[in-house]
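# Notes for the structure review
The primary structure of each chain is shown beneath.
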Amino acid sequence: IVFSIGVLLADFGAGPFIRMPVLFAFPIILASWYCGRAAGGTMAIALPILRTVLEATLPKPWGLFDSLANTVVLVLAFSLLAFLVSSVAAQRRQIRILQGLLPICSFGKKIRTRANLWEQMESYISRNSEAKFSHSVCPTCARREYAADSDEPVRP
């Protein structure tokens, strides 16, 4: 908020002919990234409106309609920016990737941990990522594992 006020005052201090609304993108991006979509959206709406209110005190060669049209365009553009940044931030928080080589047993499909212990692949991946497992049996394994117990072959 303090940074936003500083940017707003710098833009206002430059006068009506030197306009720097592109600087508003920085506090909007920071608010969207760290505080979420609501904070970024609020900042995207508040900064252009406050700028228009402050500019009303300055003499300028354009009219009120031009200032309001400019404000609407800025609010729409900055709202889109806030939405996109908050979406990327949310997706980034959800992604947790396993990287590198995993030493895995060719027979038991267990993974060797850094402590040289062998752990079930499902538990290792669940513990070290956000992945969840749902088990089922493929047709080949179903035939191999269950066909001997039945007179009827298992259909895929």
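Right, let's talk about the overall build of the protein for a bit. Across its full length, the protein carries six helices and two strands. In the protein, the succession of helices and strands from N to C terminus is α-α-α-α-β-β-α-α. Since a compact globule built from 156 residues should have a radius of gyration of about 15 Å, the 29 Å found for the protein marks it as more spread out than a globular shape. On the principal axes, the C-alpha backbone points of the protein span a range of 90 × 40 × 20 Å. Taking all 156 residues of the protein together, 26% fall into the buried category. Of the contacts formed within the protein by residues at least 6 apart in sequence, a portion of 48% connects residues at least 24 apart. By element, 66% of the accessible surface of the protein is carried by carbon and sulfur atoms, the whole surface being about 11200 Å².

It is worth spelling out unusual backbone geometry at this point. Within the chain, K109 stands out as a residue other than glycine whose phi angle is a positive 60°. When its relative accessible area of 43% is taken as the criterion, K109 is described as partly exposed. The phi torsion at N116 lies on the positive side, around 60°, for a residue other than glycine. Of note, N116 is situated in the loop between strand 1 (110-112) and strand 2 (118-120). With relative accessibility at 55%, the residue N116 sits in the exposed group.

Between two cysteines, a covalent bond joining their sulfur atoms is known as a disulfide. Scanning the entire structure with this criterion turns up zero disulfides. C105 takes part in no disulfide bond, and the closest cysteine sulfur, belonging to C141, lies 16 Å away.

Glancing now at the nonpolar core. The biggest cluster of nonpolar side chains holds twelve residues, and these are V7, L8, F24, A25, I28, A31, M43, A44, L47, L74, F78 and A82. Within the residue set of this core, elements represented by two or more residues are helix 1 (2-13), helix 2 (25-35), helix 3 (37-55) and helix 4 (64-94). The contacts of A82, once residues within four sequence positions are left out, are I28, S32, G40, G41 and A44.

Residues F3, F26, L30 and Y34 make up a contiguous nonpolar surface patch of roughly 470 Å² in combined accessible area. The element best represented in the nonpolar patch is helix 2, accounting for three residues. Its place among the elements puts F3 in helix 1.

In this section: the packing of helix 1 against helix 2. Where helix 1 meets helix 2, the axes come as close as 9 Å, and the angle between the chain directions of the two elements is 165°. The orientation of helix 1 with respect to helix 2, classified from their angle, is roughly antiparallel. In this structure, helix 1 crosses over helix 2, and the sense of that crossing is left-handed. Touching F3, S4 and V7 of helix 1 are F26, P27 and L30, all from helix 2.

On to the packing of aromatic side chains. Taken as a whole, this structure holds one aromatic pair when the rule is applied. Residues F24 and F78 carry aromatic rings whose centres are separated by 6.2 Å and whose planes lie at 55° to one another, so their mutual orientation is tilted. Of this pair, F24 sits in the loop between helix 1 and helix 2 while F78 sits in helix 4, and the two are 54 residues apart along the sequence. In this structure, F24 and F78 share a single accessibility class: buried.

Conventions adopted
Residues numbered from 1 in each chain as written. Predicted model: local features only at pLDDT ≥ 70, side-chain atom pairs only at ≥ 80, totals over all residues. Heavy atoms only, no water. Helix = DSSP H or I, 4+ residues; strand = E, 2+ residues; numbered from the N terminus. Rg over C-alpha atoms; globule rule 2.2 N^0.38 Å. Buried < 20%, exposed > 50% of the residue type's maximum accessible area, 1.4 Å probe, protein only. Contact = heavy atoms within 4.5 Å. Areas by Shrake-Rupley, 256 points an atom, 1.4 Å probe, with all protein chains shown as cover. Disulfide = S-S within 2.5 Å. Core = buried A, V, L, I, M, F, W, Y, C linked by side-chain atoms within 4.5 Å. Patch = residues over 30% accessible without salt bridge, like charges linked within 9 Å, V, L, I, M, F, W, Y side chains within 5 Å. Salt bridge = Lys/Arg side-chain N within 4 Å of Asp/Glu carboxyl O. Axes fitted to C-alpha atoms, helices over the stretch in contact; angles between N-to-C directions. Parallel < 35°, antiparallel > 145°, perpendicular 65-115°, else oblique. Left-handed = near helix turned anticlockwise from the far one by under 90°. Phe/Tyr/Trp six-rings, centres within 6.5 Å; stacked < 30°, edge-to-face > 60°.

That's the geometry; what it means functionally is another story.
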